[in-house]
Structure formats: C-alpha cells, structure tokens
Amino acid sequence: MPPEALNAVDVRKTYRLRRGPPVEALSGVSMTVRAGERVALLGRNGAGKTTFLRIAATLLRPTSGSVEVFGHEVSREPDAVRPMIAVVPQEGKPFFHLTPREQVYTYLRARGLDRATAHARTSEAIGEMELDEVADRLSITLSGGQRQRTMVATVIATGAPLLFLDEPTIGMDPFARRGVWESLRALTRRGSTILLTTHYLDEAEALSDRLYIVERGRVLIAGTAETLKQQVGGTLRVSISDGATMGETFASFGSAVLDGTTLHVIVDPKRLLEILNVAVKAQRTATVGPVTLEEAFLRTVGRSIDED
Amino acid sequence: MALPFALPNFRGAASFSATEARVQLHEGIAVFTSMITQFVVLIFVWVLARSILPVAILGAIIFSMFTLGQRVLNEAAYVRVDHKLNELYLASPLTPESYFLGIAVGVLLAYLGPILILVAIAVLWVAFTPLLAVELVATSLAVWLFSSSMGYVLSTLFRDMRAIWSYASILYNLFGVLPPVFYPVGLFPTALRPIALVMPPSAAAGLLQDALRPGVLSSSDVVLAAVALAVESLVMFGVALLWARRTAQER
C-alpha cells in the first residue's frame, strides 16, 4: 500500500440547484492523510467538511479535482476503494429494530466477514464502546449517545484501513466522548487511518495528529494543534470584559479579537504584568489563560466556530 | 472474450437481505396488517359475488406481490432519509446492486408468510392445474421484480417521507386496484383492455384468469400480456441495477 492513505488535489464541488444560483461547497481543497494518522477537518456548520468526506468516501462525485484512497481514484474506481473504507455518516442512526449487537454483526456479515470473525469483532467493538449493558436492547430504546456509539462500534469493528467519521461524538456525554477518543487512538496504533470531521475544538485538539481548518469550502490552514496555536503570536490569552471600546488601547500588546463584549488579547508572557496594569487602571476585569485552539480558529477564520 | 459491459456483482446481497428481513420482522404486526386490504376485498367478494372468488383470491396474491414494491420504496427511502444507513452500506464492499437486491429480497422474505396463507386459501378454493400453478409462481415473481425495482428507483427521487407516502399510495393503488386484478378481465371495458394487459399486475392477473378458465383472453391478448410482463419486469430490473450503481455516488 502507498504511504498516503488519502491524497486530494484541488477538489471542487458545485451543487446545481433547481431554483437559485449554484452553490459552491468546495473551492479547491487539497490535502494528504498519511497511513496511520488521525486527521481532523475542523470548521463551522456548512464549511464543506461533510461534502469533502462524502467525496472521499465514494458517496459523492466532485465537480473537478481528484481524491485517491490508497492509490485508487474514488470517482473512477469506487469498487476498489470501498472494501478499504468504512464510514460513520453524519446524523446516521442504526436500524431501530436491531439491537446494537445485531447491527454490528449483520453489518460485518454484509461486508463479507465469516460468522466466527464477525462474532468476535462484534463483541470486541461492543465492549470498546461500553455498550455491553444495552447490547441486546432494540436501538429504538437507546439514547442518542448510545445510538451514536453503536454507529461508531459498527465502523470500528470492520478493521478497515481507512475510517471516515463525520461528527462521530455528536450527542455523546463527556465520558462517552473520551471513551471514543481512546478507542480511535487505539485503532490508529493498530494501523488504521482516521479522517474525521468535527466542530468540537477540544475533540480536534485531543484526537488529531494534524488538522485542517475549513471555511467556505477552502482549507485556510493546516498543521498540528500546537503549530496552529503558535501562529496566533503568543502563548497567553488575556480576556478583558467590557473591552469592546478599548481595542486600540490593547492592540499594542498583541492581536486582539472581540467576542461579544469580551476582548481577547494574545500576549507574550513578558508583557503580562504591563497589560494587567492597564486593565486595572481602566477598571476592567481581566482573566489570564493559555492560548487555545479557539484563538487559533478565531484568528484564522475571523469568527467563532459556533457562529452561523 | 471480455463482455462489452460489466456484469452486476451481487456480493453481500444474501447477508444484507437477511438483515433487512430481520429488521422487517421485528415489527411483526405490520407483516400481517399488510394483508388487510386483500382480506377485506375477499370478504366483499365472498358476500357479493362468490362466483368470482377464485379470480379474487389469485388477484389478492398478485396484489400482495405488487405492494411489496411499495414496501421496498418506503424502506429504502426511510433508511436513506431518516437513518442515512445507505451511506454506511454503500461505502463498503457491499455492491450497490447488492444493496438494492438485499432490500427487495429482505422485504419479500419478511412478507412471504401472509402471502403463503393466501396461497393456502387459493389451494382450497381454486381448481389448480399444473399450468395454473406454474403461471402463478412465474407471474408472481415477475410482478415482484417489476414492483420492487420500480420502488427502489422511486425511493431515490424523494427527500421527504411524507411526500413518499402520498405518491406511493397513489401509484400502487392505481396500478393494483383499478385494473382487473381482483375482478375478471372480461368486466374491464374492451377498448381499454390492451392498457390493462400491459400493466404488470393486471397482465399477471389476466394470464392467471385465462389459465383458470381458458378462453377468457384471446391468444393475441395472452401473448401481449405475457410479453409485456416479461419485458417490463426484466427492463425495470435492469434499470434498477443501473440506477442503484449511479445513485451510489451522487452527482
């Protein structure tokens, strides 16, 4: 197998609507995912993450450009690509009238696994997703988070070399999310490759080796969470409440971004005391914390990830 | 020698059809309520025109096979629109053709029980000949193939389940109830009979009625109905296979 699990070059997708002008969902996305990596596409709703994932997963044809999965072009050779991938679709739900155990097992059988292997992998995946207690209950009786874990269990049980996960932890509680992250890390340690989309900044940071920030159908920046944060220009964030009218005063300390009425300023630790003094004199409350991926996102995109 | 076209690959179809049958059978009551219309019609015929009961029983079997297509339509659309499970299965070694056939065969397996009850009633009420028995099996399968193929193709055209329910109901009742499926083809206006004989359910019913009472149809009508049913079923099946592959990768 080639070292690159996925190689995308200048992928564009324009949706032609029956009414209204065409919508350009992807405007030239290029990226590479190496075998064994966990890579996240991070972006706001509607940024183009799912469109790219669906193209890479052979479910949607690009308008132009190419995506290769382990050396096979997805539009020309979908039948060669499909045995090597597995997909958790966005908002996908298991069959309501199957139990999680039945869902995983029957899916593995449909993929061509023999009974013994399918049984063994089903038990393993159910255990990894901590679904043992509900494994034999119909999915219609499960919570949203349990259904989502069933979907993830279904896909990780395949052992496919490349997994596409579209918002894999949506609807899960914090403990379940961390459990899924740990399982995905274990999968890549065993050789699988993962491309996931998320709009959870903590998930992108905790889970991905590298991430791509996507906005309006373009990749704005790519790198590790650390390198993205370093590009912000400092290591500390000072958040000044009611700082909307004081942008100019604080701009000299570093890059400043207004989020509601709070002004976030990225500063070098050497100038921390200085900026705090200015804030105190102006009778403003200032909170100090480390620079997060949120700052990197805000600075790169110009908007919060939750903003529509 | 290589063929100029790729033959469909049905890898995984048997396993997926077992999954589908299992999904359907979890809602066992739906399997039996699928027979309500047929039994209501049979009761009316029993009360009002008992002499045509054999015709109505054979028609009920054909109608049941035909409405399996409506269930394929609803199931394929539901799995795609509400569950997005088509993406899970299509981005896998299961071929698009197997995905379509898996749903169609799964629905057939799940709903076969009540249809066999109708067959048992037919054995009691209808004077079966070997020809009629063979024709019943052949026409039933042809109607199922046509209807399930049409159902799958139509399922890909909708994005809203409410629209699907309305249109599916109109379509399947139009094809299955209005033409002479439950009643003798001789009662259908002569001028419109060719139309009835090219519609799969009434073509099948017409052939069965002719096998039951030879001479109901002219020999040219028999040929018309038989050719129409065979060609339409195979063509629609071919279209569904191609359509399944085409829609597996949206444009």
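What you see is a predicted model; the values in this text were computed from it and never measured.

The rules we used
- Residues numbered from 1 in each chain as written.
- Chains lettered and ligands numbered in written order.
- Predicted model: local features only at pLDDT ≥ 70, side-chain atom pairs only at ≥ 80, totals over all residues.
- Helix = DSSP H or I, 4+ residues; strand = E, 2+ residues; numbered from the N terminus.
- Rg over C-alpha atoms; globule rule 2.2 N^0.38 Å.
- Buried ≥ 20, exposed ≤ 12 C-beta atoms within 10 Å, placed from the backbone.
- Pairing = 2+ DSSP bridges.
- Right-handed = clockwise from strand over helix to strand, strands pointing away.
- Core = buried A, V, L, I, M, F, W, Y, C linked by C-beta atoms within 7 Å.
- Domains from an automatic or database assignment.
- Contact = placed C-beta atoms within 7 Å.
- Expected span 1.5 Å × (residues − 1).
- Bend = angle between axes of the 7 residues up to and from the residue.
- Nonpolar A, V, L, I, M, F, W, Y, C, P; charged D, E, K, R; others polar.
- Axes fitted to C-alpha atoms, helices over the stretch in contact; angles between N-to-C directions.
- Parallel < 35°, antiparallel > 145°, perpendicular 65-115°, else oblique.
- Left-handed = near helix turned anticlockwise from the far one by under 90°.

With that out of the way, let us pick up the overall build of chain B. Each helix and strand in chain B was counted, giving eleven helices and zero strands. Listed by position from the N terminus, the elements making up chain B come as α-α-α-α-α-α-α-α-α-α-α. The globule rule puts the C-alpha radius of gyration for 251 residues at 18 Å, and the 19 Å found for chain B is close to it. Expressed as lengths along the three principal axes of its C-alpha atoms, the size of chain B is roughly 55 × 50 × 30 Å. Evaluated residue by residue, chain B yields a buried proportion of 50% over its 251 residues.

Residue and element names in this part refer to chain A. Judged by how many residues are buried, strand E7 (residues 162-166) sits mostly within the fold: five of five residues are covered. Here E7 shows two buried faces, one formed by Leu162, Phe164 and Asp166 and the other by Leu163 and Leu165. In this sheet, E7 lies alongside strand E6 (residues 85-88) in parallel orientation, the contact comprising four bridges. The residue of E7 that forms the bridge with Val88 is Leu165. By the bridge criterion, five bridges tie E7 to strand E8 (residues 193-198) in an arrangement that is parallel. Along E8, the bridge assignment pairs Leu162 with Thr193. Taking the sense of rotation as the criterion, the β-α-β connection linking E7, helix H6 (residues 174-189) and E8 turns out right-handed.

Bringing the nonpolar core into the picture now. Membership of the largest hydrophobic core comes to 171 residues, with the highest contact counts inside it found for A:Ala56, A:Ile85, B:Leu58, B:Ile61 and B:Ile62. The element best represented in this core is helix H4 (residues 53-81) of chain B, accounting for 16 residues. Built from parts of two domains, this core gets at least three residues from each of domain 1 (4-228) and domain 2 (233-290) of chain A. Excluding anything up to four places from it in sequence, B:Leu58 contacts B:Ala122, B:Val126, B:Leu136, B:Ala205, B:Leu208 and B:Leu212.

Bringing helix H6 (residues 96-125) of chain B into the picture now. The terminal C-alpha atoms of H6(B) lie 42 Å apart, and with 30 residues this matches the ideal 44 Å at 1.5 Å per residue to within 8%. Of all the bends in H6(B), the greatest reaches close to 50° and is centred on B:Leu112; the proline B:Pro114 follows between one and four positions later.

All names here are of chain A. In terms of burial, E8 is largely enclosed, as six of its six residues are buried. Residues Thr193, Leu195 and Thr197 line one face of E8 and the alternating positions Ile194, Leu196 and Thr198 line the opposite face, and both faces are buried. Strand direction decides the pairing type here: strand E3 (residues 38-43) and E8, joined by five bridges, are parallel. By the bridge assignment, Val39 is partnered in E8 with Leu195.

In many reports, interface size means the accessible area that the parts give up when they come together. Counting from both sides, the interface comprises 25 residues of chain A and, opposite them, 23 residues of chain B. Elements represented by at least two residues in the side of chain A that touches chain B include exactly E6 and helix H3 (100-110) of chain A. Considering every element that reaches the side of chain A that touches chain B, the biggest residue donor is H3(A), with four residues. The residue inventory of the side of chain A that touches chain B, partitioned by class, reads twelve nonpolar, six polar and seven charged.

A few words now on unusual backbone geometry. The phi torsion of most residues other than glycine is negative, and most of the peptide bonds are trans. Residues and elements named next belong to chain A. Phi angles above zero are rare outside glycine, and Thr58 is one such case at about 70°. Position of Thr58 relative to the elements: it lies in the loop between helix H1 (49-56) and strand E4 (64-69). Judged by local crowding, Thr58 falls into the buried class, with 27 C-beta atoms found within 10 Å. Positive phi, close to 55°, is recorded for Gln283, a residue that is not glycine. Considering the arrangement of structural elements, one finds Gln283 in the loop between helix H10 (272-281) and strand E14 (286-290).

Looking now at H3(A). For H3(A), a buried count of eleven out of eleven residues is recorded, marking the element as mostly surrounded by other parts of the structure. Looking at H3(A), one finds that the buried residues are A:Pro100, A:Arg101, A:Glu102, A:Gln103, A:Val104, A:Tyr105, A:Thr106, A:Tyr107, A:Leu108, A:Arg109 and A:Ala110. In this structure, the buried side of H3(A) is in contact with helix H4 (115-128) and helix H5 (144-156) of chain A together with helix H1 (13-25) and helix H5 (85-90) of chain B. At the exit of H3(A) stands A:Gly112, carrying a positive phi of roughly 105°.

Attention now goes to the domain arrangement of chain A. Each assigned domain of chain A is listed with its residue range as follows: domain 1 (4-228) and domain 2 (233-290). Between domain 1 of chain A and domain 2 of chain A, the C-alpha centre-to-centre distance is 39 Å.

On to the sheet that holds strand E2 (residues 23-34) of chain A, then. Residues and elements named next belong to chain A. Judged by pairing direction, the sheet is antiparallel, and its four strands sit side by side in the order E2-E1-E4-E5 without closing on themselves. Each of the sheet's edge strands pairs with one partner strand only, and the pair in question is E2 and strand E5 (72-73). Relative to E4, strand E1 (residues 4-15) runs antiparallel, the two sharing five bridges. Within the sheet, the bridge partner assigned to Asn7 lies in E4 and is Glu68.

Moving on, we come to the environment of B:Trp125. Inspection of the secondary structure puts B:Trp125 in helix H6. Leave out the neighbours within four places in its chain, and B:Trp125 touches B:Leu53, B:Pro54 and B:Ile57.

The next point concerns the packing of H6(B) against helix H7 (residues 130-155) of chain B. All names here are of chain B. At a minimum axis separation of 10 Å, H6 and H7 run at an interaxial angle of 125°. Between H6 and H7, the angle falls in the class oblique. Taken as a pair, H6 and H7 cross one another with a handedness that is right-handed. Residue-level contacts link Phe100, Ile103, Ala104 and Leu108 of H6 to Trp144, Ser148 and Tyr152 of H7. Residues belonging to the contact of H6 with H7 are distributed by class as follows: six nonpolar, one polar and no charged.

Right, let's talk about the sheet that holds E8(A) for a bit. All names here are of chain A. A sheet is described by the order of its strands in space; here six strands give the open sequence E6-E7-E8-E3-E9-E10, paired in mixed fashion. Two strands lie at the open edges of the sheet, namely E6 and strand E10 (218-223), each paired on one side alone. Strand-to-strand twist in this sheet, taken as the mean axis angle between neighbours without regard to direction, amounts to 15°. For strand E9 (residues 210-215) and E10, the ladder comprises five bridges, and the chain directions are antiparallel. Directly across from Ile213, in E10, lies its bridge partner Ile221. Contacting E6 and E7, H5 runs over the sheet at an angle of about 180° to E6. On the sheet, helix H11 (residues 293-301) packs against E3, E9 and E10 and is oriented at approximately 40° with respect to E9.

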